[in-house]
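Chains, contacts and geometry: an overview
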Amino acid sequence: SQYSAVDTNPLSVYVMQPIWDKIIKIVPLWIAPNMLTFSGFVMILVNYFLISFYDWDYTASGTSPGLVPTWVWLFSAFATFCAYTLDSIDGKHARRTQSSSPLGELFDHGLDSWATSIFVLSFFSVCSRDNGKTGVSVYTMYIYLSIVLFNFMCSHWEKYNTGVLFLPWGYDLSQVVLIAAYLLTGAIGVEIWHKPFLFGYYITDVLVILLIGFSLFLSFPQTLYNIHRAHLKKTLKNGSLYEGLLPLVSPLLLFILLTVWVVLSPGNILAKQPRLFLWMVGVAFSNVICKVIICQMSSTRPELFHWILFPLALVVYAAISGLLGWTEEIVLGVFAMSATAAHVHYGICVGRQLSEHFNIYIFSLKKRVQE
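We now turn to the structure provided with this report. Model, not experiment: these values are computed from the prediction. (Residues numbered from 1 in each chain as written. Predicted model: local features only at pLDDT ≥ 70, side-chain atom pairs only at ≥ 80, totals over all residues. Heavy atoms only, no water.)

**Some points on the overall build of the protein**
- The helix and strand tally for the protein stands at 13 helices and four strands.
- For 371 residues, the compact-globule estimate of 2.2 N^0.38 gives 21 Å, and the C-alpha radius of gyration of the protein, at 21 Å, lies within 12% of that figure.
- In terms of its C-alpha atoms, the protein occupies a principal-axis envelope of roughly 60 × 50 × 45 Å.
- Residue burial in the protein is summarised as follows: out of 371 residues, 51% are buried.
- Once local pairs closer than 6 in sequence are excluded, the contacts in the protein between residues at least 24 apart make up 80%. (Helix = DSSP H or I, 4+ residues; strand = E, 2+ residues; numbered from the N terminus. Rg over C-alpha atoms; globule rule 2.2 N^0.38 Å. Buried < 20%, exposed > 50% of the residue type's maximum accessible area, 1.4 Å probe, protein only. Contact = heavy atoms within 4.5 Å.)

Here's what the structure looks like:
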């Protein structure tokens, strides 16, 4: 299927696109577009692990400001800008080198589905977790992450039904806000987040309110409107309501299972291991969404229950029933690592299969030699 995306965001159209058009001219024509996509993702990962090293439990900005060196915040701004740029020019570069392919589209959106959570998890280090005076509670973090992932899911669910990816307005805005937040933190220090900003509200509160407002009152209604419009024009991809709603079943069950674990955990797992837990949420979500993206691209029907729901359900049951006892954190660690390994393995396998099927290399513009 031919890839089609619509971008109506003024920030993107009038400010960012002209910048990308200038930057793309510097990129050598022999570089594969997937190389750009992957480099951006690697920068996000490096940045995340760097922040994790200085601030594993999300307390550095609150209880001991200055624990994260200034250069780390500046590097975060730089890494975020590079990743945002590379993610925005990879498609242009593919058209420039006449190498657009379903493999590239899947590579781009698949990595985006993972990067989305990593962006959010890195940002939490800026505002730190609640210590009584400042910060955000770990439950707010979980809700915040869930809303961002819900938004991402909506745009791909919409593409599954309409065949068109309407790029959400929040994306460019969130990237610019992230970069600005890192620069501010680097320039002034984390103290900037500790002072009330407007009417006794902190900047972090304002950002959370904006995010929820954007999602529930802009992105989601827009998604429903676009699907409704396709329905009126009779251009919907799926005949029945059941088929149209099918891709939502697994992500919603995933969210329900995770929330049950968060709320009923006897050891209060989210408060004990927020970074591990939220990382696991992001990986599990990305794996579920990648399946939807593949189904939407190949016009196949997703299975009702994604495989990860079964081991997760077992773990959640064992945790909330008290069976795990003091091993709950260890089991979370093992599950998070297994899910990450399974996701990476899945990505490599799908990449290889598509690379063979379309007779192209993932990271090179040379054609594969037919065996």
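**Considering the environment of Glu-328**
- Summarising the element assignment, Glu-328 is placed in helix H13 (residues 328-357).
- Discounting chain neighbours no more than four positions away, the residues touching Glu-328 are Trp-261, Ser-265, Pro-266, Gly-267, Ile-269 and Ala-319.
- Within the structure, Glu-328 has its side chain in polar contact with the side chain of Ser-265 (distance 2.8 Å).
- At a separation of 3.3 Å, a polar atom in the side chain of Glu-328 contacts the main-chain amide nitrogen of Gly-267. (Polar contact = N/O pair within 3.5 Å; in protein donor to acceptor, adjacent residues only side chain to side chain.)

**Examining the packing of helix H5 (residues 102-127) against helix H6 (residues 138-162)**
- For the pair H5 and H6, the least separation of the axes is 9 Å and the interaxial angle reads 165 degrees. Comparing the axis directions of H5 and H6 gives the class roughly antiparallel. Regarding H5 and H6, the two cross each other, and that crossing is right-handed. Judged by residue contacts, Glu-105, His-109, Asp-112, Ser-113, Thr-116, Ser-117, Val-120, Leu-121, Phe-123 and Phe-124 of H5 engage Met-141, Tyr-144, Leu-145, Val-148, Leu-149, Phe-152, His-156 and Lys-159 from H6. (Axes fitted to C-alpha atoms, helices over the stretch in contact; angles between N-to-C directions. Parallel < 35°, antiparallel > 145°, perpendicular 65-115°, else oblique. Left-handed = near helix turned anticlockwise from the far one by under 90°.)

**Remarks on the pattern of salt bridges**
- Counting across every chain of the model gives four salt bridges.
- Notably, a salt bridge pairs Lys-92 with Asp-21, separated by 3.1 Å at the nearest N-O pair. Of this pair, Lys-92 sits in helix H4 (residues 70-96) while Asp-21 is found in helix H1 (residues 10-24), placing the two residues 71 residues apart along the sequence.
- Asp-21 sits in the partly exposed class, given a relative accessible area of 33%.
- Between Lys-159 and Glu-105 there is a salt bridge; the shortest N-O distance is 2.7 Å. Of this pair, Lys-159 sits in helix H6 while Glu-105 sits in helix H5; the two residues are 54 residues apart in sequence, bridging distant segments of the chain. (Salt bridge = Lys/Arg side-chain N within 4 Å of Asp/Glu carboxyl O.)

**Things to note about helix H8 (residues 203-232)**
- Here H8 spans 42 Å end to end across 30 residues, near enough to the 44 Å set by a 1.5 Å rise per residue.
- Of all bends in H8, the biggest is about 35 degrees, found at Ser-215.
- Every buried residue belonging to H8 is among Ile-203, Thr-204, Leu-207, Val-208, Leu-211, Ser-215, Ser-219, Thr-223, Asn-226, Ile-227 and Ala-230, and all of these are buried.
- Looking one or two residues past H8, Lys-234 carries a phi angle of roughly 60 degrees, positive in sign. (Expected span 1.5 Å × (residues − 1). Bend = angle between axes of the 7 residues up to and from the residue.)

**Here we look at the side chain of Glu-158**
- Tracing the chain through its elements places Glu-158 in helix H6.
- Here Glu-158 sits buried without a salt bridge, and the closest side chain of opposite charge, Arg-229, lies 7.8 Å off (N-O distance).
- With residues up to four places along the chain from it excluded, the contact list for Glu-158 reads Gly-163, Val-164, Phe-166, Gln-222, Thr-223, Asn-226 and Ile-227. (Lys, Arg positive; Asp, Glu negative; His and termini not counted.)

**Overview of the environment of Thr-327**
- Tracing the chain through its elements places Thr-327 in the loop between helix H12 (309-320) and H13.
- In this structure the C-alpha to C-alpha distance between Thr-327 and Ile-147, which are 180 residues apart in sequence, comes to 29 Å.

**A look at the packing of aromatic side chains**
- Using the criterion set out here, one finds 23 aromatic pairs in the structure.
- An angle of 20 degrees between the planes, with centres 5.3 Å apart, marks the rings of Tyr-48 and Trp-279 as stacked. You can see Tyr-48 sitting in helix H2 (residues 33-54) and its partner Trp-279 sitting in helix H11 (residues 274-298), a full 231 residues away along the chain.
- The class for Tyr-48 is buried, based on a relative accessible area of 3%.
- Residue Trp-279 is classed as buried on the basis of its relative accessible area, which comes to 11%. (Phe/Tyr/Trp six-rings, centres within 6.5 Å; stacked < 30°, edge-to-face > 60°.)

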